[in-house]
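This is what each chain is made of:
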Amino acid sequence: MENVVIKVGGMSCQGCVKNLTGALSGLAGVASVEVSLEAGEARVGYDPAKVSANALRTVIEDCGFDAA
């Protein structure tokens, strides 16, 4: 299991946090998700054998946010 912190730009409310948490949680291989509006980041625990950090960033961008 690995952990990654991805900076997320463009979140403006708790609805954004909820949508992003749900999208990331739905990925195979994702064990934990903690999205912080205040910090502007997503902390994700994941299995690198099942999903890559780049795939996580793609999901964030697909939700309409910037991922760095």
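Scope of this entry: the structure provided in the associated data block. (Residues numbered from 1 in each chain as written. Predicted model: local features only at pLDDT ≥ 70, side-chain atom pairs only at ≥ 80, totals over all residues. Heavy atoms only, no water.)

**What to know about the overall build of the protein chain**
Right, on to step 1. Along its length, the protein chain carries two helices and four strands.
Right, on to step 2. Its C-alpha atoms give the protein chain a radius of gyration of 11 Å, near enough to 11 Å, the size a compact globule of 68 residues would have.
Right, on to step 3. Projecting the C-alpha coordinates of the protein chain onto the three principal axes gives extents of approximately 30 × 20 × 15 Å.
Right, on to step 4. Here the protein chain holds 68 residues, and 35% of them are scored as buried.
Right, on to step 5. Put simply, the protein chain shows about 3800 Å² of open surface, and 47% of that area lies on carbon and sulfur atoms.
Right, on to step 6. Averaging the locations of the 5 positively and 8 negatively charged side chains of the protein chain gives two centres separated by 3 Å. (Helix = DSSP H or I, 4+ residues; strand = E, 2+ residues; numbered from the N terminus. Rg over C-alpha atoms; globule rule 2.2 N^0.38 Å. Buried < 20%, exposed > 50% of the residue type's maximum accessible area, 1.4 Å probe, protein only. Areas by Shrake-Rupley, 256 points an atom, 1.4 Å probe, with all protein chains shown as cover. Lys, Arg positive; Asp, Glu negative; His and termini not counted. Charge placed at Lys NZ, Arg CZ, Asp CG, Glu CD.)

**Observations regarding the environment of I60**
Right, on to step 1. Mapped onto the elements of the fold, I60 is located in helix 2 (residues 53-62).
Right, on to step 2. For I60, a relative accessible area of 0% translates into the label buried.

**Considerations on the nonpolar core**
Right, on to step 1. The biggest cluster of nonpolar side chains holds 20 residues, and the ones touching the most others in it are M11, L20, L24, V44, Y46, L56 and I60.
Right, on to step 2. Elements with a contribution of two residues or more to this core: strand 1 (2-9), helix 1 (14-25), strand 2 (30-36), strand 3 (41-46) and helix 2.
Right, on to step 3. Ignoring anything within four residues of it in the chain, the contact list for L20 reads V8, M11, V35, I60, C63 and F65. (Core = buried A, V, L, I, M, F, W, Y, C linked by side-chain atoms within 4.5 Å. Contact = heavy atoms within 4.5 Å.)

**A closer look at the environment of K7**
Right, on to step 1. For K7, the location among the structural elements is in strand 1.
Right, on to step 2. The exposure class of K7 is partly exposed, given its relative accessible area of 44%.
Right, on to step 3. Taking the C-alpha atoms as reference, K7 lies 7.9 Å from D66; in sequence the two are 59 residues apart.
Right, on to step 4. If we skip the residues at most four places from it in the chain, K7 touches A39, G40, E41, D66, A67 and A68.
Right, on to step 5. Reaching out from K7, the side chain makes a polar contact with the side chain of E41 at a distance of 3.5 Å. (Polar contact = N/O pair within 3.5 Å; in protein donor to acceptor, adjacent residues only side chain to side chain.)

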